[in-house]
Amino acid sequence: MTRRILLLPGDGIGPEVIREARRVLEVVGDRHALDLAFTEANLGGVAIDREGQAYPSTTQSLAREADAILLGAVGGPKWDSLPASQRPERGLLAIRSDLDLFCNLRPALLFQELAEASSLRAELVAGLDILIVRELTGGIYFGEPRGIHTRDDGVREGVNTDRYSETEIRRIGRLAFEAARKRDGRLCSVDKANVLEVTMLWREVMESLSGEYPDVALSHLYVDNAAMQLVREPKQFDVMVTGNLFGDILSDIAAMLTGSIGMLPSASLNAESRGLYEPVHGSAPDIAGQDKANPLATMLSAAMLLRYSLGALEAADQIEQGVAAVLAQGLRTSDLSAGDAQTGALGTRAMGDAVVAALLAQSPAQ
Ligand code: NAD
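If you're wondering where the values come from, they're calculated on a predicted model, not measured in any experiment.

Quick notes on the rules
- Throughout, a residue's number is its position along its own chain's written sequence, starting from 1.
- pLDDT decides what is reported in this predicted model: residues at 70 or higher carry local features, side-chain atom pairs at 80 or more are listed and counted, and totals for whole chains, interfaces and linings draw on all residues regardless.
- Side-chain numbers here rest on the full set of heavy atoms in the structure, without hydrogens or water.
- In the sections that follow, a salt bridge refers to a side-chain nitrogen of Lys or Arg positioned within 4 Å of a carboxyl oxygen of Asp or Glu.
- Secondary structure elements are taken from DSSP: a helix is a run of H or I of four residues or more, a strand is a run of E of two residues or more, and numbering for both begins at the N terminus.
- Residue proximity to a molecule or strand is established when one non-hydrogen atom of the residue lies within 4 Å of it.
- Any pair of nitrogen or oxygen atoms within 3.5 Å is treated as a polar contact; in protein, a donor-acceptor pairing is required on top of that, and neighbouring residues in sequence qualify only through side-chain atoms on both sides.
- In this description, accessible areas are obtained by the Shrake-Rupley approach with a 1.4 Å probe, and a residue is regarded as covered only by the protein chains that are shown.
- Amino acids outside the nonpolar list (Ala, Val, Leu, Ile, Met, Phe, Trp, Tyr, Cys, Pro) and the charged list (Asp, Glu, Lys, Arg) are all regarded as polar, and Gly is one of them.
- Stacked, edge-to-face and tilted labels apply to pairs of Phe, Tyr and Trp rings (six-membered ring for Trp) whose centres lie within 6.5 Å, assigned for plane angles under 30 degrees, over 60, and everything in between, in that order.
- Remark: exposure states derive from per-residue accessible area (1.4 Å probe, protein chains only) relative to the maximum for the residue type, with buried under 20%, exposed over 50%, and partly exposed in between.
- Only lysine NZ and arginine CZ atoms are considered, and such an atom sits over a ring when it is within 6 Å of the ring centre and within 35 degrees of the ring normal.
- Strands were regarded as paired on the criterion that DSSP finds at least two bridges between them.
- What is meant by a nonpolar core is a set of buried Ala, Val, Leu, Ile, Met, Phe, Trp, Tyr and Cys residues, joined one to another through side-chain atoms within 4.5 Å.
- Throughout, the edges of the domains are those of an automatic or database domain assignment.
- It only takes one pair of heavy atoms within 4.5 Å for two residues to be counted as in contact.

J.: Sorry if this is basic, but what is going on with the pattern of salt bridges here?
T.: In total, this model carries 27 salt bridges according to the counting rule given. For Glu-20, the salt bridge identified is with Arg-23, shortest N-O distance 2.5 Å. Placement of the pair is Glu-20 and Arg-23 together in helix α1 (residues 14-31), with a separation of 3 residues, close to one helical turn. Here Asp-49 makes a salt bridge to Lys-78, at a shortest N to O gap of 2.5 Å.

Here it is as structure tokens:
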């Protein structure tokens, strides 16, 4: 059965990192007879330039037909002066809501060799392996009413609304319980139930779901404490589940614990497990086109694509082992190298070559 993979290279370093991730997908695809068919389309700034809008209809039709989508990054200074509603980033919000990608998975996994790159002491983060499950299409980023208006007394006021229905909480909760079940069986739900009614309901629904998952230990933390615990003792966590706003912030904290932004993958899934996979980093305009970008986060996103949308678990494991192997060989892109080591750093293409070589060196049965 042919699996249709839509590639959306986007802007800045996007095309460079997508090119290397595609090579890696082709190698493991051949090895596991996955019959992957790649198509490319425009999203973001490049789509504005070529087709007049950030999420053009041609991209929309291909995205709806694809089994999975791999995205580079969107945005850059060239489009910063456009009104907010026409910016490249709107393309990203549009594709997420078009495909109903309500579940964002952000693993924060520390590769042993990079423990020194963390902002925390190595012993606090060695072996770190957290999965943050963030609700992505609801909450305060989308709630109505919203806007900036002038009150009767002439003073301007900004308004946003945090809103979650039971149905929305239950569907993200189920995915988080399922994920915890496949890992260490611990789920921490993060809320602000001492102050916000919307998260009182969140906590109530999570509690009600826990009866269906007796093998998962559910705990709750207020978001302020969760942020503190993430930097105090991060290894206490297995899976964390939270709403859109808290998830945005906590996943960035967890990201920094692992060292470079160039190492972090993500997945956004809908109820059918079709998904959009992308590195956490942006389009890095400061290094675009210079063969300096670290392609590993995009390769790890490709591994998530194989695991969560195609069910190709062994192929996914192989990519992750390939990445671990090049790090173990001491190979680094410049974002992972400090001081003098920068001169010996690999470029984007050379890092791609190294991972491809590591994959080809793996025994087929691995
Ligand atoms: P950024 O992630 O693009 O860059 C932050 C810093 O990290 C830069 O110094 C950059 O060189 C470095 N960096 C990022 N990825 C790297 C990689 N793979 N290898 C090596 N170094 C890397 O964030 P920013 O500078 O805040 O944003 C730049 C543009 O990207 C903006 O237009 C922003 O809107 C957009 N953006 C897009 C996404 C997305 O597409 N999902 C996410 C964040 C930012």
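Once you've had a look at it, read on.
J.: Is there a simple way to think about the site of the ligand in this case?
T.: Around the ligand, the structure places 19 residues, and the nearest of them are Glu-89, Gly-282, Ala-284, Asp-286 and Asn-294. Val-74 places a main-chain nitrogen or oxygen 2.9 Å from an oxygen atom of the ligand. Within the side chain of Asp-286, an N or O atom sits 2.9 Å from an oxygen atom of the ligand. When the free accessible area of the ligand is taken as 800 Å², the share hidden by the protein chains comes to 67%. In the shell around the ligand, the residues fall into 9 nonpolar, 6 polar and 4 charged.

J.: Honestly, the packing of aromatic side chains in this entry has me stumped. Any pointers?
T.: In this description, a pair of aromatic rings is defined by centroid distance and the angle of the planes. Inspection of every chain in the model, using the stated rule, returns 2 aromatic pairs. Between Phe-177 and Tyr-213, the ring centres sit 4.7 Å apart and the planes meet at 15 degrees, which makes this aromatic pair stacked. Linking Phe-177 in helix α6 (residues 166-181) with Tyr-213 in the loop between α7 (197-210) and β9 (217-222), this pair joins segments that are 36 residues apart in sequence. Judged by relative accessible area, which is 0%, Phe-177 ranks as buried. The ring of Phe-102 carries the charged tip of Arg-171 above its face, separated from the ring centre by 3.9 Å.

J.: Would you take a moment to explain the pairing of strand β4 (residues 103-109) for this structure?
T.: Most of β4 is tucked away, with 6 of its 7 residues classed as buried. As paired elements, β4 and strand β5 (residues 129-135) share 7 bridges and run antiparallel to each other. Along β5, the bridge assignment pairs Ala-108 with Ile-130. As defined by bridge partners, β4 adjoins strand β11 (residues 265-269) across 3 bridges and the pair is classed as antiparallel. When the sheet's bridge partners are listed, Asn-104 is paired in β11 with Ser-268.

J.: Mind showing me how you'd approach the nonpolar core here?
T.: Note that soluble globular proteins tend to have their nonpolar side chains buried in a common cluster. Leu-70, Val-133, Leu-187, Met-263 and Leu-306 are the most contacted members of the largest nonpolar core, which has 65 residues in total. Per-element tally for this core: the top contributor is helix α10 (residues 296-309), with 8 residues. Taken together, domain 1 (1-111 + 264-366) and domain 2 (129-257) each give at least three residues to this core, which thus spans both. Once residues within four sequence positions are removed from consideration, Val-133 is found in contact with Cys-103, Asn-104, Leu-105, Ile-172, Ala-176, Val-239, Met-240, Val-241 and Thr-242. Counting 20 residues, the second largest nonpolar core, distinct from the first, contains Ala-108, Leu-128, Ile-130 and Leu-250.

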